[in-house]
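# Structure at a glance
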Amino acid sequence: MESSDWELVRRCKEGDRQAFRELVERYQRKTVAIALGMLHDREDALEVSQEAFAKVFTNIQQFKEEASFYTWLYRIVVNLAIDRQRQKSRQPLLDDDQGNGESGGVDATPAAMNSDPYEQVKDKELGDRIRMAIAELTPAHKAVILLREVEGLSYEEISEILQCSRGTVMSRLHYARKRLQSLLRHDL
Amino acid sequence: MKRSRLVPFCFASVLLGTFQAIAGEMVELRIETVLATDSSKEFDDRLRDIRPQLNEFRFSSYRLVQEERRRVNWGKQADFSLPGGRFLQVVPTEYTTDARIALKVMLMEGTTPTPLVDTRLSIRNHGMVFVAGRRHQGGTLIIRIGAVTDE
Amino acid sequence: MNTCPRSERVVALFHDDELDSPLRREVASHVAGCVVCTRTLAAFERVQELVAQAVSEQLEESDFSNFWEGVASRIDQQAPPSWRLWLQLWRERLRPAWMPGTPVWVATTAALLVTTVLVFHPPAKDSPLPLPDPAPTVLAANDQAQIESLSSTATVFLWNEQEGNATVIWVGDDYEGDRP
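What counts as what
Residues numbered from 1 in each chain as written. Chains lettered and ligands numbered in written order. Predicted model: local features only at pLDDT ≥ 70, side-chain atom pairs only at ≥ 80, totals over all residues. Helix = DSSP H or I, 4+ residues; strand = E, 2+ residues; numbered from the N terminus. Buried ≥ 20, exposed ≤ 12 C-beta atoms within 10 Å, placed from the backbone. Contact = placed C-beta atoms within 7 Å. Core = buried A, V, L, I, M, F, W, Y, C linked by C-beta atoms within 7 Å. Pairing = 2+ DSSP bridges. Expected span 1.5 Å × (residues − 1). Bend = angle between axes of the 7 residues up to and from the residue. pLDDT = per-residue confidence, 0-100. Nonpolar A, V, L, I, M, F, W, Y, C, P; charged D, E, K, R; others polar.

Here we come to the overall build of chain C. Within chain C, the regular secondary structure consists of six helices and four strands. Going from N to C terminus, chain C has its helices and strands arranged as α-α-α-α-α-α-β-β-β-β. The burial tally for chain C puts 21% of its 180 residues in the buried class. Within chain C, counting contacts between residues at least 6 apart in sequence, those at least 24 apart form 28% of the total.

Rendered as structure tokens:
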């Protein structure tokens, strides 16, 4: 039977690395998905997620059981992704377009969603347009839309992760959706 | 006490304890919406229990336009439709150590993205708080939010 | 453009499964018969589908084979500083058996420090008592209700009615200024 997050956290607190590995394997795809949505670069997303897990392990003694593990983890991922984005925006751009280079940005490989080459190109173009639209959002709006639309979290969970009220979550979600609807109006 | 009597007594005590715990897990939320105007002297008799409080609003007429009661678990959200397409979301969050019921309350209106009111408050058991001031059909809405739980 | 008073706000909550069952049923039946709300809901669903699809495409192309190794090496990099390791080594291996353990050292040092402070800086006779923990912020309170936090897009007044013992959150309409 699969151990609960709580049980694994308890074992981590006793220094059990194998328990922590289980937690990492349970959440690695979810954290990378959030970081990808925030950063649009696979290498950056993987690095930020790994950094987040390392931070979690280092600070596991401070984790209080009344909170849920994943909201704590996601909060760290979102904060690190925002920091990373800030650092990158301060750096001069070496590539023609950040995130579109060989390092695994939006142009890396064609989407293997459709066997028809014409449809494949269309799918890929649509994917690129969506990623560019998400990139247009502010970090706060990006975080709220990803936690809701990709992770399927409730307003309550999102408010816990982003440390804001439920009303703020609703408001940010509204503006993020409006912006995406306007940027993607030809695809809706 | 004989052992033959002790066993049913213990069983009954445990059963009673469990029942009390379950009863305390629910909160009854009471939302009453009153339309207050200065157009007449009418006072809706169904509002007599809160007449002293309503009188403080200094309108001449008070009519109960909507009343709803809902029992919910702690932490669970209850939504109440209000006149004019508005609605109220209430979440009873905890029974505090000073015997108060803590609530998260949001009032939503129209298509505005941000809730009109977003508040955290606590009321004593069987207590109430009023959210008032929005215009409706030539009058003003007074929403009474009450909560009751078994102690 | 057609509008519906229920659109946007309630439909978004309906789409996000943030309504409780009675209102959810009510909104579901409204959406089924309202062209504007049906369109709004479809737009929300499409945005969700597109965002999820865009992220999952990139996720599928990500390589997780060395993910744990990356986490483990970061944890090792964040290992305690060398002085802590030396201290541990001293405690476990090098400390002679006759020397007292850490708790004794800590207690002795603390006692010495307190004594020094008391000798050189005796407490003033009228020194204030330590302040109690601050009470949680309460915006309005009476026997009935305590408002702990409040935000609003409208003009809001809070007051307690002394006679009726009632707490009131007054949410003003923009066009009226006569009350309270």
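Resuming the write-up.
With that settled, consider the nonpolar core. Ranked by size, the top nonpolar core spans 111 residues in total, and within it Ala35 and Val77 of chain A together with Phe130 and Ile143 of chain B carry the most contacts. Here the element with the most residues in this core is helix α2 (residues 17–39) of chain A; it accounts for 11 residues. Leave out the neighbours within four places in its chain, and Val77 of chain A touches Thr31, Ile34, Ala35, Val48, Ser49 and Ala52 of chain A.

Now for the interface of chain B and chain C. Chain B puts 33 residues into the contact, and the matching count from chain C is 33 residues. Elements represented by at least two residues in the side of chain B that touches chain C include exactly α2 (51–55), β3 (78–81), β6 (117–124) and β7 (128–136) of chain B. Here seven bridges tie β6 of chain B to strand β2 (residues 145–152) of chain C, and the two strands are oriented antiparallel to one another. Within β2 of chain C, the residue paired with Thr119 of chain B across the bridge is Leu150 of chain C.

Next up on the list: α2 of chain A. All names here are of chain A. For α2, built from 23 residues, the straight-helix expectation of 33 Å at 1.5 Å per residue is missed by more than 12%, its first-to-last C-alpha distance being only 29 Å. In α2, a bend of some 50° at Tyr27 exceeds every other bend along the element. Positive phi appears at His40, one or two residues downstream of α2, with a value of about 65°.

Moving on, we get to the confidence of the model for chain C. Residues and elements named next belong to chain C. Considering every residue of chain C, the mean pLDDT works out to 73; 55% of them sit at 70 or more. When the criterion is pLDDT under 50, residues 123–136 qualifies, and its contacts beyond four places in sequence or with other chains add up to one contact. The low-confidence segment residues 175–180 (pLDDT under 50) makes four contacts with residues lying over four places distant or belonging to another chain. Taken together, the chains of this predicted complex give a pTM of 0.66 and an interface ipTM of 0.81.

Next up on the list: the pairing of β7 of chain B. Most of β7 of chain B sits inside the fold, with seven of its nine residues counted as buried. Two strands pair when backbone bridges link them, and β7 of chain B and strand β8 (residues 139–149) of chain B are joined in this way by seven bridges, in the antiparallel orientation. Residue pairing for β8 of chain B: Arg135 of chain B is matched across the bridge by Thr140 of chain B. Adjacent in sequence and paired antiparallel, β7 of chain B and β8 of chain B are bridged by two residues, among which Gln137 of chain B carries a positive phi angle near 45°. In the sheet, β7 of chain B pairs with strand β4 (residues 166–172) of chain C via three bridges, with the strands oriented parallel. Its bridge partner being in β4 of chain C, Ala132 of chain B is matched across the sheet by Trp170 of chain C.

What follows deals with unusual backbone geometry. Most peptide bonds take the trans configuration, and most residues that are not glycine carry a negative phi. All names here are of chain B. Phi angles above zero are rare outside glycine, and Arg58 is one such case at about 65°. Within the fold, Arg58 resides in the loop between α2 and β2 (61–73). At Ala99, a position not held by glycine, the phi torsion is positive, near 60°. As for its position among the elements, Ala99 is in the loop between β4 (87–95) and β5 (100–108). Residue Ala99 is classed as exposed on the basis of its 11 C-beta neighbours within 10 Å.

Moving on: the interface of chain C and chain A. Listed as interface residues are 27 residues of chain C and, on the opposing side, 38 residues of chain A. Of the residues in the side of chain C that touches chain A, the class split is 15 nonpolar, six polar and six charged.

Residue and element names in this part refer to chain C. Looking at the secondary structure, you find Ala166 in strand β4. The class of Ala166 is buried, set by 24 C-beta atoms lying within 10 Å. For the pair Ala166 and Gln144, spaced 22 residues apart in the sequence, the C-alpha separation amounts to 6.3 Å.

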